[in-house]
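# Overview (structure and organization)
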There are 4 protein chains.
Amino acid sequence: MSVEVIAIGGYEEVGKNMSAVKVGDDVVIFDMGIHLDRIHIHEDTDIARMHSLDLIERGVIPDDTLMKEVDGKVRAIVFTHGHLDHIGAVAKLAHRYEAPIIATPYTLALIERTIKAEKKFTVTNPLQVLNPGEKCQISPDITLEFIQMTHSIPQTAMAALHTSEGIIIYSNDFKFDNYQLLSPPPNYSRLKELGRKGVLAVIVDTTRASEEGEAKTHSEKIARIMLKDIMLDPLDEKNGMLVTTFSSHIERIQAICNIAKESDRQMLLLGRSMERFCSIAENMGILKLPATASIYGSPKAVNKALARAEEKRSEYLLVTTGHQGEPDALLPRIAGGKTHFNVRNGDNVVISAPIIPNPMNVANRNLLERRLKSSGARIFTNAHVSGHAGREDHRDFIRMLNPMHIIPSHGSLEMLASYTELAEEEGYKLGNNIHILRNGQAQVFNGGV
Amino acid sequence: MSVEVIAIGGYEEVGKNMSAVKVGDDVVIFDMGIHLDRIHIHEDTDIARMHSLDLIERGVIPDDTLMKEVDGKVRAIVFTHGHLDHIGAVAKLAHRYEAPIIATPYTLALIERTIKAEKKFTVTNPLQVLNPGEKCQISPDITLEFIQMTHSIPQTAMAALHTSEGIIIYSNDFKFDNYQLLSPPPNYSRLKELGRKGVLAVIVDTTRASEEGEAKTHSEKIARIMLKDIMLDPLDEKNGMLVTTFSSHIERIQAICNIAKESDRQMLLLGRSMERFCSIAENMGILKLPATASIYGSPKAVNKALARAEEKRSEYLLVTTGHQGEPDALLPRIAGGKTHFNVRNGDNVVISAPIIPNPMNVANRNLLERRLKSSGARIFTNAHVSGHAGREDHRDFIRMLNPMHIIPSHGSLEMLASYTELAEEEGYKLGNNIHILRNGQAQVFNGGV
Amino acid sequence: MSVEVIAIGGYEEVGKNMSAVKVGDDVVIFDMGIHLDRIHIHEDTDIARMHSLDLIERGVIPDDTLMKEVDGKVRAIVFTHGHLDHIGAVAKLAHRYEAPIIATPYTLALIERTIKAEKKFTVTNPLQVLNPGEKCQISPDITLEFIQMTHSIPQTAMAALHTSEGIIIYSNDFKFDNYQLLSPPPNYSRLKELGRKGVLAVIVDTTRASEEGEAKTHSEKIARIMLKDIMLDPLDEKNGMLVTTFSSHIERIQAICNIAKESDRQMLLLGRSMERFCSIAENMGILKLPATASIYGSPKAVNKALARAEEKRSEYLLVTTGHQGEPDALLPRIAGGKTHFNVRNGDNVVISAPIIPNPMNVANRNLLERRLKSSGARIFTNAHVSGHAGREDHRDFIRMLNPMHIIPSHGSLEMLASYTELAEEEGYKLGNNIHILRNGQAQVFNGGV
Amino acid sequence: MSVEVIAIGGYEEVGKNMSAVKVGDDVVIFDMGIHLDRIHIHEDTDIARMHSLDLIERGVIPDDTLMKEVDGKVRAIVFTHGHLDHIGAVAKLAHRYEAPIIATPYTLALIERTIKAEKKFTVTNPLQVLNPGEKCQISPDITLEFIQMTHSIPQTAMAALHTSEGIIIYSNDFKFDNYQLLSPPPNYSRLKELGRKGVLAVIVDTTRASEEGEAKTHSEKIARIMLKDIMLDPLDEKNGMLVTTFSSHIERIQAICNIAKESDRQMLLLGRSMERFCSIAENMGILKLPATASIYGSPKAVNKALARAEEKRSEYLLVTTGHQGEPDALLPRIAGGKTHFNVRNGDNVVISAPIIPNPMNVANRNLLERRLKSSGARIFTNAHVSGHAGREDHRDFIRMLNPMHIIPSHGSLEMLASYTELAEEEGYKLGNNIHILRNGQAQVFNGGV
């Protein structure tokens, strides 16, 4: 039986991830993400109301039209975590396939919410939970397994497709973090076990493959200690205090909560996407907020909360959206004087996020920081660790799984090339058993392990 | 008699240049510029309608309120060239001084236009022409001389104040270019002569002092050859062709005209600031446009011209504003599909300007280029030379003038520091005869040459 | 009584630190360091045998000849920590002053060793211990106090001179680290107390002032966790394992020891400077090595140890010099095949040090890593935290001490300029109460707090 | 008949270029270069005396052992220009093939000299001249044509293999320069003609493919003007004057000669490789030196010449090797005080070469410049243009030749990836008609145009 990996999206960019694995006549799709960056090019893009084909043309979502020519039946649409570049196009594309959506509970809840917000399409695919450590039969020839993994969003899994031709691993995205608060450590022993059984191919994210200096990605434990070091003194001051981080990074938000508990400040989690990710996480019992904390997402509720905080600034800890300086997110709006909360001399702002390297983010973040500073705020920026495996983590990944073939994904050609060089250090060779695919191309494997 | 140099603006930033030189009881002011970058911080700034004090508070114009405490009489306001960071605040500040405005004809024409556009203040200072090579008596003790100089705008002069205590040179901005089309070469022999007579102090721009790699700034002749190499083939193609450069860079625009003449294309100079700088330059006989060329500044006229060009794209050469990707300028608006001209596959775009190093420009320019490319345009970017002296030019400048004191200006503290290191290589020493001033500080020189 | 701060060395470079503080007729000297970088320029420099004046001319040691013209008596030579850029010229310069050398015990032991190795001069200044928390009377008008501080070498103090004109702080170098293994945390409450009493001036190091991204310097605790994460798996493998870090960074070496104890490997600390710093630290009870550990410094002993390690590579943990790839240091010599130990496929190398930013280090380190890799080694590089205060630490420093005047030191003009901008954010102003000095210049303070 | 392109060397690095094209049973080899960078890794490499297999193992020369398994007969070894990364291994590898060496006269002369200097192997392959514009029959099925091309060494050709399956272009290296002194412009019309006839594949160098900012590579005319601007004043001064550039860049050296003729200075071309490239070029009538000029290569002759120049420094213009600061080259030796010529205050040094981006060059050049400066020299550095096509030149190249397949070469994987992205902009697609090969891999084309 032949196995085919079809690169649909995310093989030429960081964004709009989508891959398909065809085993005999059965197809499993992984991810349906969006490419937010393309919306900068086409400013008038209204995702919720636009048709898939228009979004495909604009490069905002993966071009899955090629799937029509794939001679097989889609049996499952699998999501291994809930970031938008992996699930954001689900409401635009999933209805075209008669197949269940499979994910961990938190990812599934985020998908459900995306589907509900959709204005153009009705998505009725069955939603099916799969937890790390569990398997489910996808077709007579394919069993899907979720392996416990860590990343920067809760309930991230690594997917393994067991087939008669060997195991195919979809590992997009992950980090190896042994000390998260909300997730158990990665299941290394299972990875090694699979490696011994015989892995035909891995599809693996290359986000940090080109960052030479960063051998191993540090644990969230490091971020927790950094945050505590930075936050403790400011929490005690009689000034305003704002923290911003990724809304989906519940682990990090939990760390901020735990530090905040040592003060008398009341936490306010503010902003639309902060509300989306955190309230679901709290409802599911993943995020444990302090009893006095509140989450507000709607502009009106946010503004009311900000008005309260403005009056008694030393009694609150604001956790907001806007770490990249995005003009419409909350912290940039606060910094621009567009809300009821005015940054004043002595206020402390903690930005627990890197600048995602992209000229627009660099510019927005620069403007944000200059505005905050010109209002007298003090800014703390270096409390962050990445959510993506570093080069030495990837080396361990390759050594544990010992795959026959490697398909680097989730990046520009330069990033795939960097991963290729890493894999060549481990004895693989481009064109032989490393395969660089472009969106729309496929790699066929004949014969098994 | 004591001489005092007062740093009003531009000593902590690239922008809002303003300096005063006090000789006995008489004061000469140099430049009244704006700091456009500060408008990014305060988005709601409406320069034409706002009061000086508000603009001062926002950092948009120099804080000249300190002049109230200067015990002396302002005798002249001198502008050595017409860039906005040197003349842009004239309509906000000049009326506070009972003194004539002195500049070369082109600079004066630009000042006049700025004064006419002002909505808040009425400026009635007499306007007085001074040409390079000419002198005028400012007060019994001060004679102002304009020396022929080159820069990236026509009729740039270097100013020399002759006083009983020695000569003070205001050299802000300049380059040494021996091969411009529209300007004679710098008057080196006069600089050397002044050097021999005795220069008390120079106030000198440091824009490129920190660019180690760029020993000597290349001549416009180099840009002309580069542009010709780039433009000739595209001019012959049956596609659209757009060029963008600095509106005030009449020399460069003349070079583009001369190249365009070798084709049958009709030149359209488009955009509000393109109209401002070019029509004045043309009326004054500085810029020689081809007979068929047209200049349009108003949005309506621009749009009509673009509609014509859209239909017969191969018959026009569009010269537009927007080289930094500024969202409201013309080329970015064309690239964003907001005009009657649509960039199509095969169109050629020449960007004859560097990215002015600032995160917002980097982001805007990146977006501009990506939009142009995604419409199928071909982009040419490396046809530019700087308008500012390089390190080795500054070394020649110091050697020719041999000043007793050096006051670096026109830059951040890092840039002033770089210039200081250069001057120390030439035997000067910070704190002894190199003086780093902050906006609002003064340096007094007692005793002469 | 007037107070004068005299910049002797280290005000134009990172290296050869030396300052003098004159209070009335009494002078206290701080530091006598070397500038190793200058030896690259003059390759034939033999420090141990050369005369001070030759070394001064080559820029290798501070030019203290100006002290002849200082009208006062040197009462003490104070060293606040034992790095070479602070103590390395002691044997060349101290004998010219009839004054005791004062330092903490570990620093003093390093100074003693330097004096013993000197081939040209005999140094007989009395050596006097001062511990953090202790004071000693230097002259009727001056009392020296050592305040508990942290850095990247044990027993670093911050010095305070108590005078009738106020307190002068010499803070060169330091970091604020609350979680070191071998040092108590900085004595913040004493700093605040001094701030309340009245600090006339601080002389402060600017090493990291220009690193915008690095708000607060992370604690060694972070480095310990990173190292543990990196080292544990490799310690278990049956391959060779090498670690390199700063020889003087006893805190880091202790952390490596503690991690190594969890394995059966025997530690070998190898290399001349490793021997110098570690054996003294061990003898003084600062460094606690595992019972089986050995230190070898002489080439012969090192080679014998390496020969043993070569045979049973999985039984040893080599801690070596050479983290910058310096051609004559041990790890580069091992990598170049010049010792009895050959790097083999599977060996692990941990470089617990950043590249000190300097083109030669970048090149040497690149060559080192390429050689190690081409021998099959796996390299881990990102387990390090700085030993110098970050921008936000400096902000806290200024706020705690609230000095009347700030004298940035220990850096190029660009670095002093960056610190100046930071201090200006805190309300100081260059030329008023921030003073940039060049080597050889002095700042006089008249009148006290 | 099938066509196969075999990547032997230079597909994973900048260096050791070697490719083979097999048409039916006949093979044509292009280039046999060395990879100088690998000698840094293995310091004890003595190229002239070492065996091919050892050099192959060290990565210094291409691994052509795979040619044993190629089922065909090598009919010609073709060199398109004389740089060492293209011809440097000829004496190590050519004797293994029973085939003539074909090149332009200057390239052939350089090859002859390399063969004569070889100590290990005897090379007896016939040497055969082919001039641009000429063809020669290689086998019944293959005709080789040389097309006039420009680069940074004289007599560079582009090779075209005419076969029944279409034309194969070997374009490695080139630039499009219409204004060289010593070479006619590239034969664009022939390129377009070949494009119309049908190009099966191009093998093309990617050296500058990743340099986004550099749209089109500027002509040597630009470098000539820059050099003249820089050199004229210093030539007139009564100080020493040194220029360094690539020894093989005869075009540039001719430009320097022409400028020097306007002064009374006598030119001395100094250094071993300066002698090698220039004396051959002069003997062949390519380089026209002034009558008074001399070339010295042997250390003894160089030193005698330097001694003369030391005495009457203002009467000479020294043109030396060492632009990258290589420790053993002449200018670095002069700067280090190791010759009879001492750099003095006021001497002028022109470095007409970029830093070839590599950490060791950056470090060596930094050291060179610091040494020169500390001796009082003035350094001019920005008079250079590249010898490699820029992105827009490559776009023109692709449009003119319109090849069916593109094989990027001469670079790291990142560079090949950049070229791939450029080619994809032109409608090609990786894996379909762009082929990234690793050293040792081959691409087979079945069926023709």
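No experiment lies behind these values; they were computed from the predicted model shown. (Residues numbered from 1 in each chain as written. Chains lettered and ligands numbered in written order. Predicted model: local features only at pLDDT ≥ 70, side-chain atom pairs only at ≥ 80, totals over all residues.)

### Things to note about the overall build of chain A
- Looking only at helices and strands, one finds 14 helices and 19 strands in chain A.
- Evaluated residue by residue, chain A yields a buried proportion of 57% over its 449 residues. (Helix = DSSP H or I, 4+ residues; strand = E, 2+ residues; numbered from the N terminus. Buried ≥ 20, exposed ≤ 12 C-beta atoms within 10 Å, placed from the backbone.)

### A short note on the relation of the copies chain B and chain A
- The two copies are related by a screw operation: chain B maps onto chain A through 180° of rotation and 0.0 Å of translation along the axis, at an RMSD of 0.0 Å. Here the copies are linked by what is in effect a two-fold axis. Of every C-alpha in chain B, the one belonging to B:Ala363 sits nearest the axis of rotation, 3.1 Å from it. (Least-squares fit on C-alpha atoms with pLDDT ≥ 70 in both.)

### Side note on the relation of the copies chain A and chain C
- Taken as rigid bodies, chain A and chain C are interconverted by a rotation of 180° and an axial shift of 0.0 Å, the fit giving an RMSD of 0.0 Å.
- Here 94% of the interface residues in chain A have copies in chain C that are interface residues too; the copies meet face to matching face. (Contact = placed C-beta atoms within 7 Å.)

### Things to note about the environment of D:Phe30
- If you trace the backbone, D:Phe30 turns up in strand 3 (residues 26–30).
- Taking the C-alpha atoms as reference points, D:Phe30 and D:Ile87, separated by 57 residues in sequence, lie 9.5 Å from one another.

### What about the pairing of strand 18 (residues 405–409) of chain D?
Residues and elements named next belong to chain D.
- Within strand 18, five of the five residues are buried, leaving the element largely enclosed by the surrounding structure.
- The pairing of strand 11 (residues 199–205) with strand 18 spans five bridges and is classified as parallel. Counterpart to Val 204 in the pairing with strand 18 is Pro 408. (Pairing = 2+ DSSP bridges.)

### Regarding the UniProt feature "binding site: Zn(2+) 2" (unreviewed entry) in chain A
Residue and element names in this part refer to chain A.
- The UniProt entry lists Asp 85, His 86, Asp 173 and His 410 under the feature "binding site: Zn(2+) 2" (unreviewed entry), expressed in the numbering used here. The largest pairwise C-alpha distance within this set of annotated residues, which runs over 326 residues, is 10.5 Å, so the set is compact in three dimensions.
- Of note, His 86 is situated in helix 3 (residues 84–87).
- Along the chain, the position of Asp 173 falls in the loop between strand 10 (166–171) and helix 6 (188–197).
- Excluding anything up to four places from it in sequence, Asp 173 contacts His 81, His 151, Asp 205, Thr 207, Gly 387, His 388 and His 410. (UniProt positions renumbered as here; feature names shortened; annotations may be inferred.)

### So, the interface of chain B and chain A
- On the side of chain A, 13 residues touch chain B, which itself brings 13 residues to the contact.
- Elements that contribute at least two residues to the side of chain B that touches chain A include exactly helix 1 (38–41) and helix 12 (359–374) of chain B.
- The biggest single contributor to the side of chain B that touches chain A is helix 12 of chain B, with nine residues.
- Residue composition of the side of chain B that touches chain A, by class: six nonpolar, four polar and three charged. (Nonpolar A, V, L, I, M, F, W, Y, C, P; charged D, E, K, R; others polar.)

### So, the interface of chain A and chain C
- Each partner contributes residues to the interface: chain A has 17 residues there, and chain C has 17 residues.
- Those elements giving two or more residues to the side of chain A that touches chain C turn out to be helix 7 (220–236) and strand 17 (378–380) of chain A.
- Here the side of chain A that touches chain C gets six residues from one element, more than from any other, and that element is helix 7 of chain A.
- Each residue belonging to the side of chain A that touches chain C can be placed in one class, and the counts come to six nonpolar, five polar and six charged.

### Notes on the nonpolar core
- Core analysis: the largest hydrophobic core is formed by 576 residues, its most contacted members being C:Val28 and D:Val28.
- Beyond its immediate stretch of four places on either side in the chain, C:Val28 contacts C:Ala20, C:Val21, C:Arg75, C:Ala76, C:Val78, C:Ile138, C:Ile142, C:Leu144 and C:Leu161. (Core = buried A, V, L, I, M, F, W, Y, C linked by C-beta atoms within 7 Å.)

### Looking at the UniProt feature "binding site: Zn(2+) 1" (unreviewed entry) in chain A
Residue and element names in this part refer to chain A.
- Within the UniProt annotation, "binding site: Zn(2+) 1" (unreviewed entry) is assigned to His 81, His 83, His 151 and Asp 173. What stands out for the annotated residues spanning 93 residues is how close their C-alpha atoms remain, the widest pair being 10.3 Å apart.
- Once you skip the residues sitting within four places of it in the chain, His 83 turns out to touch Ile 153 and Ser 248.
- Given 26 C-beta atoms within a 10 Å radius, Asp 173 is considered buried.

### Things to note about the sheet that holds strand 14 (residues 294–296) of chain B
Residue and element names in this part refer to chain B.
- Taking strand neighbours across the sheet as the criterion, the six strands line up as 14-13-15-12-16-17 in an open arrangement whose pairing is parallel. Each edge of the open sheet is held by one strand with a lone partner, namely strand 14 and strand 17 (378–380). For this sheet, the mean angle separating the axes of adjacent strands, direction not counted, is 20°.
- Strands strand 12 (241–244), strand 13 (266–270) and strand 15 (316–320) of the sheet are contacted by helix 8 (residues 250–260), whose axis makes an angle of about 175° with strand 15. (Axes fitted to C-alpha atoms, helices over the stretch in contact; angles between N-to-C directions.)

### Some words on the domain arrangement of chain A
All names here are of chain A.
- In terms of domains, chain A is made up of domain 1 (3–214 + 387–445) and domain 2 (220–380).
- Spacing between the C-alpha centres of domain 1 and domain 2 amounts to 31 Å.
- Every contact between the two is made by 17 residues of domain 1 and, on the other side, 16 residues of domain 2.
- Among the elements of the structure, helix 1 (37–41) and helix 5 (105–117) are those that each provide at least two residues to the side of domain 1 that touches domain 2.
- In terms of residues, the side of domain 1 that touches domain 2 owes the most to one element, helix 5, which gives five residues.
- For the side of domain 1 that touches domain 2, the per-class residue count stands at nine nonpolar, five polar and three charged. (Domains from an automatic or database assignment.)

### Quick look at helix 10 (residues 299–311) of chain D
Residues and elements named next belong to chain D.
- Counted at 1.5 Å a residue, the expected span for helix 10 with its 13 residues is 18 Å, and the 19 Å between its end C-alpha atoms agrees.
- Those residues of helix 10 that sit buried are Val 302, Ala 305, Leu 306 and Ala 309. Down the axis of helix 10, the buried side of the element spans an arc of 105°, and every buried residue falls inside it. Of the exposed residues in helix 10, the ones pointing more than 90 degrees away from its buried face are Lys 300, Ala 307 and Glu 311. (Expected span 1.5 Å × (residues − 1). Arc of directions from axis to C-beta.)

### Comments concerning the pairing of strand 10 (residues 166–171) of chain C
Residues and elements named next belong to chain C.
- Along strand 10, six of the six residues are buried, which leaves the element largely enclosed by surrounding structure.
- Inspection of the sheet shows strand 9 (residues 157–163) paired to strand 10 by five bridges, in the antiparallel sense. Within the sheet, the bridge partner assigned to Ala 160 lies in strand 10 and is Ile 169.
- In this antiparallel pair of consecutive strands, strand 9 and strand 10, the connection spans two residues.
- A crossover links strand 10 with its parallel partner strand 11 (residues 199–205), the connecting element being helix 6 (residues 188–197), and its sense is right-handed. (Right-handed = clockwise from strand over helix to strand, strands pointing away.)

### Considerations on the sheet that holds strand 9 of chain C
All names here are of chain C.
- The strand order 7-8-9-10-11-18 describes an open sheet built from six strands, whose pairing is mixed. The open sheet has two edge strands, strand 7 (135–139) and strand 18 (405–409), and neither has a second partner. With direction set aside, neighbouring strand axes in the sheet form an average angle of 20°.

### As for unusual backbone geometry
- Here the amide bond leading from C:Asn172 into C:Asp173 is cis, since omega sits at 20°, within 30 degrees of zero.
- One non-glycine residue, B:Asp31, lies in positive phi territory at about 70°.
- Taking the number of C-beta atoms within 10 Å as the measure of exposure, B:Asp31 has 31 and is therefore buried.
- A positive phi angle is found at C:Gln155, which is not glycine, with a value near 55°.
- Tracing the backbone shows C:Gln155 in the loop between strand 8 (142–148) and strand 9.

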